[in-house]
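Architecture and fold: a report
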Amino acid sequence: MFSHRNHTKAYISLGSNLGDRAGNLLLAARGMMEAALCINRLSSVYETEPVGDIDQPAFLNMVVEVGDSLPTPQQVMARLLRIEWLLGRTREVKDGPRTIDLDLLLYGEVESQTEFLMLPHPRLHERRFVLEPLVEIAPHLVHPTLKCSAAELLEKLEDRSAVKRWCP
């Protein structure tokens, strides 16, 4: 049987602010491996203040690089949504508290503007809680549409929210 897999790298943001936040990140990473997504690199875990007007607990966030024979971007997204569901993610309040949030940030140079999948992630370049861990593992990664490296995006960032390495 032929495979449609490729050797592209993709980057996924993980976040949790309900329950055992660190345990949720670990279970999500394990879920990715069980879903045949090969994790190449993981950032440190960062504690971050929530973005927006909803009163909620602080998040733990990190970014992972996956690659080595990835399925299509749509299949990656479907697997991430399944992992969220398995870990009890509900979507009752937009941008509200959650056990786990998995965002496909970048998938090589792929651009997608569908209801199911937006690539690159439309707010990636506006979020310190995404850029700090991304720069840790891939500072020279170039955003396919903005044509700036992750480090340059972080340097230009206006978001001043608190993002610090988590030390349990």
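Note: the structure precedes this text.
Here's a quick rundown of the structure. Quick caveat, the model's predicted, so the values are computed rather than measured. (Residues numbered from 1 in each chain as written. Predicted model: local features only at pLDDT ≥ 70, side-chain atom pairs only at ≥ 80, totals over all residues. Heavy atoms only, no water.)

1. Quick word on the overall build of the protein
For clarity, the cut-off: Note on conventions: DSSP H or I runs of at least 4 residues are helices, E runs of at least 2 residues are strands, and numbering of each starts at the N terminus. All radius of gyration figures rest on C-alpha atoms, and the globule criterion is 2.2 Å times the number of residues raised to 0.38. Contact criterion: two residues are considered in contact whenever any of their non-hydrogen atoms come within 4.5 Å of each other. Surface accessibility follows the Shrake-Rupley procedure with a 1.4 Å probe radius. Residue values consider only the protein chains on display as shielding. His is not counted, nor are the chain ends; Lys and Arg add positive charge and Asp and Glu add negative charge. Charged side chains are reduced to one point each, which is NZ for Lys, CZ for Arg, CG for Asp and CD for Glu.
Scanning the protein from terminus to terminus reveals 4 helices and 8 strands. Beginning at the N terminus, the succession of helices and strands in the protein can be written as β-α-β-β-β-α-β-β-β-α-α-β. Rg of the C-alpha trace for the protein: 15 Å, near the compact-globule value of 15 Å for 168 residues, within the 12% margin. In terms of overall dimensions, the protein has C-alpha extents of about 50 × 35 × 30 Å along its principal axes. Intrachain contacts of the protein at a sequence separation of at least 6 include 68% that bridge at least 24 residues. Entry remark: accessible area of the protein is about 9200 Å², with carbon and sulfur atoms responsible for 54%. When the 19 basic and 23 acidic side-chain charges of the protein are each reduced to a single mean position, those positions are 4 Å apart.

2. What to know about helix H3 (residues 128-137)
Operational definition: Think of it in three bands: residues with accessible area under 20% of the maximum for their type are buried, residues over 50% are exposed, and the middle band is partly exposed, with areas taken using a 1.4 Å probe on protein chains only.
Across the 10 residues that make up H3, a large majority, 8, are buried. All of the buried residues along H3 are Arg128, Phe129, Val130, Leu131, Pro133, Leu134, Val135 and Ile137.

3. Details of the nonpolar core
The test is simple: What makes a nonpolar core is a set of buried Ala, Val, Leu, Ile, Met, Phe, Trp, Tyr and Cys residues whose side-chain atoms join them at distances within 4.5 Å.
Counting 26 residues, the largest nonpolar core has Ile12, Leu14, Met32, Leu102 and Leu104 as its most contacted members. Contributions of two or more residues to this core are made by strand E1 (10-16), helix H1 (21-34), strand E4 (59-67), helix H2 (73-86) and strand E5 (101-107). Those residues in contact with Ile12, other than ones at most four positions away along the chain, are Met32, Met62, Val63, Val64, Val66, Val76, Leu80, Leu102, Asp103, Leu104 and Leu105. Among the nonpolar cores identified, the runner-up in size contains 19 residues, and Val63, Leu106, Val135 and Ile137 belong to it.

4. Here's the deal with the pairing of E5
Put simply, the test is: Pairing between strands is defined by DSSP: at least two bridges between the two strands are required.
In terms of residue burial, E5 counts as a mostly covered element, since 7 of its 7 residues are buried. As defined by bridge partners, E1 adjoins E5 across 6 bridges and the pair is classed as antiparallel. Pairing of Ile12 across the sheet is with Leu104, part of E5.

5. Brief notes about the side chain of His121
Here His121 shows up in the loop between strand E7 (118-119) and H3. Relative accessible area serves as the criterion here: at 10%, His121 is assigned to the buried category.

6. Section: unusual backbone geometry
Cis geometry marks the peptide bond from Leu119 to Pro120, where omega comes out at -15 degrees. Looking at where Pro120 falls in the secondary structure, it is placed in the loop between E7 and H3. Unusually for a residue other than glycine, Asp68 sits at a positive phi of about 60 degrees. Structurally, Asp68 is set in the loop between E4 and H2. The phi dihedral of Ser69 is positive, around 70 degrees, even though this residue is not glycine. With respect to the secondary-structure elements, Ser69 resides in the loop between E4 and H2. For Ser69, a relative accessible area of 27% corresponds to the partly exposed category.

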